[in-house]
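Per-entry structural report
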Amino acid sequence: MYENNNVGNVTYMTNYINHIIINFALVLILLFFYQQNTFLSNTQLGIFIITYFIGTVFLTPDIDTRSEPSRRCGVLFKPYTIMSHHRGQTHKWYGSFFIILYILIILSLIIIIFDPSYLFPFYNTLLTYKNEIVYAVIGIFLSNFFHIVTDFLS
Ligand SMILES: [Zn+2]
């Protein structure tokens, strides 16, 4: 679906809501089958569900244009929206990694601005929680992947 740049446009809103409905329906189907063979801990499953939600509502591939998701992310994603073109890198299967990399760069810049001495402790913390971060990446990746497939099929 091509997003309309007019934020108040009815067609645009429907597209955004359709993405949310389809993404949530797909993850509910996944979770339904998941219960039959539990291989994730409750923490890992919780992280996946939270980041899947974030990837569906906020950090969607449509962050590359003036859209409801980019508006919801506020000023932090403004540079990303300006630098990218719609249906560019974020609408590729690996697009969520660009979004995650962008978040890492922004967080690093914020830390550097306030107190650079926190930068390496920050990276150390990320490494400490690398097992949990894997499920966060999977949550965002899968929600973005479903968005791209929906765009492709519509
Ligand atoms: Zn899209």
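Residues numbered from 1 in each chain as written. Predicted model: local features only at pLDDT ≥ 70, side-chain atom pairs only at ≥ 80, totals over all residues. Heavy atoms only, no water.

1. Focus on the overall build of the chain
Along its length, the chain carries seven helices and zero strands. Helices and strands in the chain line up, N terminus first, as α-α-α-α-α-α-α. Counting contacts in the chain only where the partners sit at least 6 residues apart, residues at least 24 apart contribute 64% of the total. Carbon and sulfur atoms make up 73% of the accessible area of the chain, which amounts to about 9,400 Å² in all. (Helix = DSSP H or I, 4+ residues; strand = E, 2+ residues; numbered from the N terminus. Contact = heavy atoms within 4.5 Å. Areas by Shrake-Rupley, 256 points an atom, 1.4 Å probe, with all protein chains shown as cover.)

2. With respect to the coordination of the zinc ion
Protein-derived coordination of the zinc ion comes from Asp62 (OD), His91 (NE2), His147 (NE2) and Asp151 (OD), at a distance range of 2.0 to 2.3 Å. One way to put it: the four donor atoms around the zinc ion meet at angles of 83 to 168 degrees, and that makes the site irregular. Judged by its relative accessible area of 2%, aspartate 62 falls in the buried class. Exposure remark for histidine 147: the relative accessible area of 3% places this residue in the buried category. (Donors = N, O, S within 2.8 Å, 3.2 Å for Na, K, Ca; no water. Tetrahedral: all angles 85-135°; square planar, octahedral: opposite > 155°, others 65-115°. Buried < 20%, exposed > 50% of the residue type's maximum accessible area, 1.4 Å probe, protein only.)

3. Brief notes about the pattern of salt bridges
Under the defined criterion, the tally for this structure stands at two salt bridges. In this structure, the salt-bridge partner of glutamate 68 is arginine 71, at a minimum N-O distance of 2.6 Å. Of this pair, glutamate 68 and arginine 71 both sit in helix α3 (residues 68-73), three residues apart, which is roughly one turn of that helix. Close ionic contact of glutamate 68 with arginine 72 constitutes a salt bridge, the shortest N to O distance being 2.9 Å. With glutamate 68 and arginine 72 both in helix α3 and four residues apart, this pair spans about one turn of that helix. (Salt bridge = Lys/Arg side-chain N within 4 Å of Asp/Glu carboxyl O.)

4. What about the nonpolar core?
Core analysis: the biggest nonpolar cluster contains nine residues, these being Leu59, Ile63, Cys73, Phe77, Tyr80, Ile99, Tyr102, Ile106 and Ile140. Examining the composition of this core, we find that three residues originate from one element, helix α5 (residues 95-114), more than from any other. Those residues in contact with isoleucine 140 that lie beyond four places of it in its chain are Thr51, Leu59, Ser96 and Ile100. One finds Leu40, Leu45, Tyr135 and Ala136 within the second-largest nonpolar core, a separate group that totals six residues. (Core = buried A, V, L, I, M, F, W, Y, C linked by side-chain atoms within 4.5 Å.)

5. A word on the confidence of the model for the chain
Per-residue confidence for the chain gives a mean pLDDT of 86; residues scoring 70 or more make up 90%. Summarising per-element confidence for the chain, the mean pLDDT is lowest in helix α1 (residues 10-34) (82) and highest in helix α6 (residues 119-128) (95). Note that residues 1-13 has pLDDT below 50 and, in this model, 29 contacts with residues that lie over four places away or in other chains. (pLDDT = per-residue confidence, 0-100.)

6. Topic: the environment of aspartate 64
As for its placement among the helices and strands, aspartate 64 is situated in the loop between α2 (42-57) and α3. Among the residues examined, aspartate 64 registers a relative accessible area of 2% and is labelled buried. For the pair aspartate 64 and serine 84, spaced 20 residues apart in sequence, the C-alpha to C-alpha distance is 5.6 Å. With sequence-adjacent residues up to four places away left out, aspartate 64 is seen in contact with Thr81, Ser84, His85, His86, Arg87, Gly88, Thr90 and His91. Looking at aspartate 64, its side chain comes within polar contact range of the side chain of threonine 90, at 3.0 Å. (Polar contact = N/O pair within 3.5 Å; in protein donor to acceptor, adjacent residues only side chain to side chain.)

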